[in-house]
Amino acid sequence: MNITEQERDAVYKTIFSRRDVRGQFLPEPISQQVIMRILKAAHHAPSVGFMQPWDFILVQNAETKQAIKNGFEQAHQASAEMFTQDKSEQYRQLKLEGILEAPLGICITCDRSRNGPVVIGRTIKPEMDLYSAVCAVQNLWLAARAENLGVGWVSIIEDEVLRSALGIPQDIDIIAYLCIGSVSHFKDKPELETAGWLPRRALEEAIHHDAWQPHQVNNSSER
Ligand SMILES: Cc1cc2c(cc1C)N(C[C@H](O)[C@H](O)[C@H](O)COP(=O)(O)O)c1[nH]c(=O)[nH]c(=O)c1N2
């Protein structure tokens, strides 16, 4: 099956216009059909040895969301103290979650023991199952964007808070807590870029030819 030029362009448009959404969520609920489509996209992610280690916990209950928000607030306070003083002040100004505003939360987990201890492709690098679950997150994120839904990843929260709020057993790893919903608009650029936290790296800096090379400054031999 060939992808047409128009379909290719739609994929790139989705990739480049995807954003981490924190503050533009609208309260309207997401239809069950759309939720199932984005979950199906996540479920079709690649996975090591085809182990499909993920599960998806859908969170719509207001009290549960509040417990998660409280956990975020606590972790956010503790995190602010880890930065240098000026960064810490800037950090405190950033909006880094939309837990209560987003109509839907999805917690993605990884069952590392699914299908037994020996998995094709994970024999040497045991973390491959975790990476597989992250592939599901990315599929979900892009599918949601194609549905014009915003997604925000909230990782400033202790696993224990999510375990307790969502009843996740100790032997199941927590990969991501995502906030999902319709949005007033998608920003053109990452919020951290607009806020001056960090710029986007030049692609050229990330590309190496044949061997790892240290970064060059302005293509000159200054260092
Ligand atoms: C693993 C992981 C974890 C987090 C994130 C992302 C990823 C990949 N990001 C979103 C992150 O800040 C964002 O992706 C970058 O700033 C780039 O912006 P766009 O995603 O392109 O809008 C994120 N954002 C946020 O507001 N709170 C958070 O806790 C996190 N955590």
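Residues numbered from 1 in each chain as written. Predicted model: local features only at pLDDT ≥ 70, side-chain atom pairs only at ≥ 80, totals over all residues.

Novice: What is the right way to look at the overall build of the protein in this model?
Specialist: Within the protein, the regular secondary structure consists of eight helices and four strands. Along the protein, helices (α) and strands (β) appear in the sequence α-α-β-α-α-β-α-β-α-β-α-α when read from the amino end. Taking all 223 residues of the protein together, the buried fraction comes to 26%. At a minimum sequence separation of 6, the contacts of the protein that also span at least 24 residues come to 86%. (Helix = DSSP H or I, 4+ residues; strand = E, 2+ residues; numbered from the N terminus. Buried ≥ 20, exposed ≤ 12 C-beta atoms within 10 Å, placed from the backbone. Contact = placed C-beta atoms within 7 Å.)

Novice: Got a minute to help me understand the pairing of strand β2 (residues 104–110) in this structure?
Specialist: A regular strand places its side chains so that they alternate between the two faces of the sheet. Burial analysis of β2 places seven of its seven residues in the buried class, which makes it a mostly covered element. Residue alternation in β2 divides its side chains into two sets, Leu104, Ile106, Ile108 and Cys110 and Gly105, Cys107 and Thr109, and both sets are buried. Pairing geometry for strand β1 (residues 54–59) and β2, over six bridges, is antiparallel. Looking across to β2, one finds that Asp55 is bridged to Thr109. (Pairing = 2+ DSSP bridges.)

Novice: Could you clarify how one ought to interpret the UniProt feature "domain: Nitroreductase" (unreviewed entry) in the protein in this entry?
Specialist: If you check UniProt for "domain: Nitroreductase" (unreviewed entry), the listed places come out as residues 16–181 in our numbering. Within the segment residues 16–181, helix and strand shares are 42% and 17% respectively, and the terminal C-alpha atoms sit 19 Å apart. (UniProt positions renumbered as here; feature names shortened; annotations may be inferred.)

Novice: Sorry, what's going on with the nonpolar core here?
Specialist: Most often, soluble globular proteins have nonpolar side chains that are buried together. Counting residues in hydrophobic clusters, the biggest one holds 36 residues, and the most contacted among them are Ile108, Ala144, Tyr177 and Ile180. Contributing elements (two or more residues each) for this core: α2 (32–43), β1, α3 (62–80), β2, α5 (128–146), β3 (149–154), α6 (159–166) and β4 (173–182). Here the element with the most residues in this core is β4; it accounts for seven residues. Non-local contacts of Ile108, meaning those with residues more than four positions away in its chain, are made with Trp54, Phe56, Ala133, Ala136, Val137, Ile175 and Ala176. (Core = buried A, V, L, I, M, F, W, Y, C linked by C-beta atoms within 7 Å.)

Novice: How do you make sense of unusual backbone geometry when you look at a structure like this?
Specialist: One can expect most non-glycine residues to show negative phi and most peptide bonds to be in trans. Even without being a glycine, Asn115 presents a positive backbone phi close to 65°. Inspection of the secondary structure puts Asn115 in the loop between β2 and α5. On the neighbour-count criterion, Asn115 (14 C-beta atoms within 10 Å) is partly exposed. Phi is positive for Asn148, which is not a glycine, with a value near 60°. Along the chain, Asn148 falls in the loop between α5 and β3. Accessibility expressed as a C-beta count within 10 Å gives 11 for Asn148, which makes it exposed.

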